[in-house]
Amino acid sequence: MKRSILFKGTGTALVTPFTTNGSVDEKALRRLVKFQIQNGVEAIIPSGTTGEGATLSDAEQQSVTRIVVEAANKKAKIIAGAGSNDTSKVIKLAQHAVDAGADAVLCVTPYYNKPTQEGLYRHYAIIAEAVDAQIVVYNVPGRTSCNLEAETTLRLAEDIPNIVGVKEASGNFGQIMEILRNRPKGFGVWSGDDSITLPLISLGADGVISVVSNEVPKMFSHMVRLALKGKFDEALKIQYRLLPLMNFNFIESSPIPVKAALAEMEMIEEAYRLPLVPLSDKHRPKLQSILKELKLI
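Let me begin by describing the structure that accompanies this report. (Residues numbered from 1 in each chain as written. Predicted model: local features only at pLDDT ≥ 70, side-chain atom pairs only at ≥ 80, totals over all residues. Heavy atoms only, no water.)

### Comments concerning the packing of aromatic side chains
Then, in step 1: Under the definition given, this model contains one aromatic pair.
Then, in step 2: Relative to Trp190, the ring of Phe7 lies with its centre 5.0 Å away and its plane at 10 degrees, an arrangement referred to as stacked. Separated by 183 residues along the polypeptide, Phe7 in the segment before strand 1 (9–13) and Trp190 in strand 7 (residues 188–191) bring together distant segments of the chain.
Then, in step 3: Over the ring of Tyr121 we find Arg155, and its NZ or CZ is 3.5 Å from the ring centre. (Phe/Tyr/Trp six-rings, centres within 6.5 Å; stacked < 30°, edge-to-face > 60°. Helix = DSSP H or I, 4+ residues; strand = E, 2+ residues; numbered from the N terminus. Lys NZ or Arg CZ within 6 Å of the ring centre and 35° of its normal.)

What follows is the structure in structure tokens.
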């Protein structure tokens, strides 16, 4: 299998809108996808961390992916979240995503179990063998208490052709540079942190899988494209304009702030599934100030 970079640019880690009774809001979900497509993102990632995939049932995850695939109508890559700390469940979720029409699946490192590097390698190797799909590995040790080391990422990249890239959210520049320096041709590396996307692109990264692009897909994806063209002076102006929103999106556990922002923008209801709860009242004035400054409300 000859690899090529799955996408270059911005992938939006899409929120999952709920109704006030707790069900998936299909109408709002289609509206969000349309908003993303019209504003130029290159990929959409449903049912991930930002999409509250952990509290979606298997059937809901497949349904959300199917709706996103239909609404995107082949105008962006669809990389569906398929995450669990149970390898056999990941295989099931990944197959459901493929059946729903996803172009690829995003598989987070197993949380809570704290596997060894060999355990991580075998986890991904078994998934890749079982599922006929392009697989993006997701390393986010701040959430999983499990770091996929550069050596293991590169081993997966060299050994397993349908493991096509990594979303790197470790924040460890030395580790990410090791991957960028030694990755095989066609293996993608995307920033998993909005605020460090520019420096990672300057080091060779292919773009970002983003939270802030939920709110500002046009501005943020433009910034990323400028950076990929080497126009860092222009990109930096947008980076600093968006930095307050990027930082605010993590003032409480994501996706609490981004869903609150989208609710202020009248795109979704501000509804979550426990254990997530609405944004604290003390943070709302700051959110409204940031959104007004960006002319989003």
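There's more to say after this.
### Description of helix 3 (residues 87–99)
Then, in step 1: Taking 1.5 Å per residue as the helical rise, helix 3 with its 13 residues ought to reach 18 Å, and the 18 Å between its terminal C-alpha atoms agrees with that figure.
Then, in step 2: Inspection of helix 3 places Val90, Leu93, Ala94 and Ala97 among the buried residues, and these make up the whole buried set. Down the axis of helix 3, the sector holding all buried residues measures 100 degrees, keeping them to one side.
Then, in step 3: The elements touched by buried residues of helix 3 are helix 2 (58–72), strand 3 (77–81), strand 4 (104–108) and helix 4 (117–130).
Then, in step 4: Two residues or fewer past helix 3, Gly101 is found with a positive phi of approximately 105 degrees. (Expected span 1.5 Å × (residues − 1). Buried < 20%, exposed > 50% of the residue type's maximum accessible area, 1.4 Å probe, protein only. Arc of directions from axis to C-beta. Contact = heavy atoms within 4.5 Å.)

### Digging into helix 10 (residues 232–248)
One turn of the α-helix equals 3.6 residues, which is why residues spaced by three or four share an orientation.
Then, in step 1: Taking 1.5 Å of rise per residue, 17 residues should cover 24 Å, and helix 10 covers 23 Å from first to last C-alpha, within 8% of that figure.
Then, in step 2: Where helix 10 bends most, at Leu242, the angle is about 50 degrees, and the proline Pro244 comes one to four residues later.
Then, in step 3: The set of residues buried in helix 10 consists of Ala235, Ile238, Gln239, Leu242, Leu245, Met246 and Phe248.
Then, in step 4: Buried-residue contacts for helix 10 involve helix 8 (197–202), helix 9 (217–228), helix 11 (256–264) and helix 12 (284–293). (Bend = angle between axes of the 7 residues up to and from the residue.)

### What to know about the layout of surface pockets
Then, in step 1: In this model, the largest pocket occupies a volume close to 590 Å³.
Then, in step 2: Every residue lining the largest pocket is counted, 30 residues in all, and those nearest its centre are Gly48, Thr49, Gly53, Ala54 and Tyr111.
Then, in step 3: Among the elements that make up the lining of the largest pocket, the one with the highest residue count is strand 4 (three residues).
Then, in step 4: Among the residues making up the lining of the largest pocket, the classes are represented as 13 nonpolar, twelve polar and five charged.
Then, in step 5: What the second largest pocket holds in volume is close to 280 Å³.
Then, in step 6: If you go around the second largest pocket, you meet 18 residues; those closest to its centre are Tyr138, Val140, Arg143, Asp193 and Phe250. (1 Å grid on protein atoms, 1.4 Å probe; cavity = no way out; pocket = protein on both sides within 12 Å on 5 of 7 lines; lining within 4 Å. Points joined across faces, edges and corners; volume = space filled by probe spheres on them. Nonpolar A, V, L, I, M, F, W, Y, C, P; charged D, E, K, R; others polar.)

### Overview of the pairing of strand 8 (residues 207–210)
Then, in step 1: Along strand 8, one buried face is formed by Gly207 and Ile209 and the opposite face, lined by Val208 and Ser210, is buried too.
Then, in step 2: Strand direction decides the pairing type here: strand 1 and strand 8, joined by four bridges, are parallel. Bridged to Gly11 within strand 8 is Ile209. (Pairing = 2+ DSSP bridges.)

### A few points about the pattern of salt bridges
Then, in step 1: Counted according to the given criterion, the structure contains 14 salt bridges.
Then, in step 2: A salt bridge links Arg30 to Glu70, with the shortest nitrogen-to-oxygen separation between them at 2.9 Å. With Arg30 in helix 1 (residues 26–38) and Glu70 in helix 2, this residue pair connects regions lying 40 residues apart in the sequence.
Then, in step 3: A relative accessible area of 29% means that Arg30 is categorised as partly exposed.
Then, in step 4: Looking at Glu70, the relative accessible area reads 42%, which means it is partly exposed.
Then, in step 5: Ionic pairing is found between Asp58 and Lys92, a salt bridge with its closest N-O pair at 3.4 Å. (Salt bridge = Lys/Arg side-chain N within 4 Å of Asp/Glu carboxyl O.)

### Observations regarding empty space enclosed by the protein
Then, in step 1: Summed over the entire model, instances satisfying the criterion amount to one cavity of 30 Å³ or more.
Then, in step 2: Approximately 40 Å³ is the volume attributed to the largest cavity.
Then, in step 3: Lining the largest cavity, in full, are Asp58, Gln61, Gln62, Thr65, Gly81, Leu93, His96 and Ala97.
Then, in step 4: Every element with two or more residues in the lining of the largest cavity is listed here: helix 2 and helix 3.
Then, in step 5: Among the elements that take part in the lining of the largest cavity, helix 2 stands out by supplying four residues, more than any other.
Then, in step 6: Residue composition of the lining of the largest cavity, by class: two nonpolar, five polar and one charged.

### With respect to the side chain of Ser47
Then, in step 1: Following the sequence through the fold, Ser47 ends up in the loop between strand 2 (43–45) and helix 2.
Then, in step 2: Taking the relative accessible area as the measure of exposure, Ser47 reaches 4% and is therefore buried.

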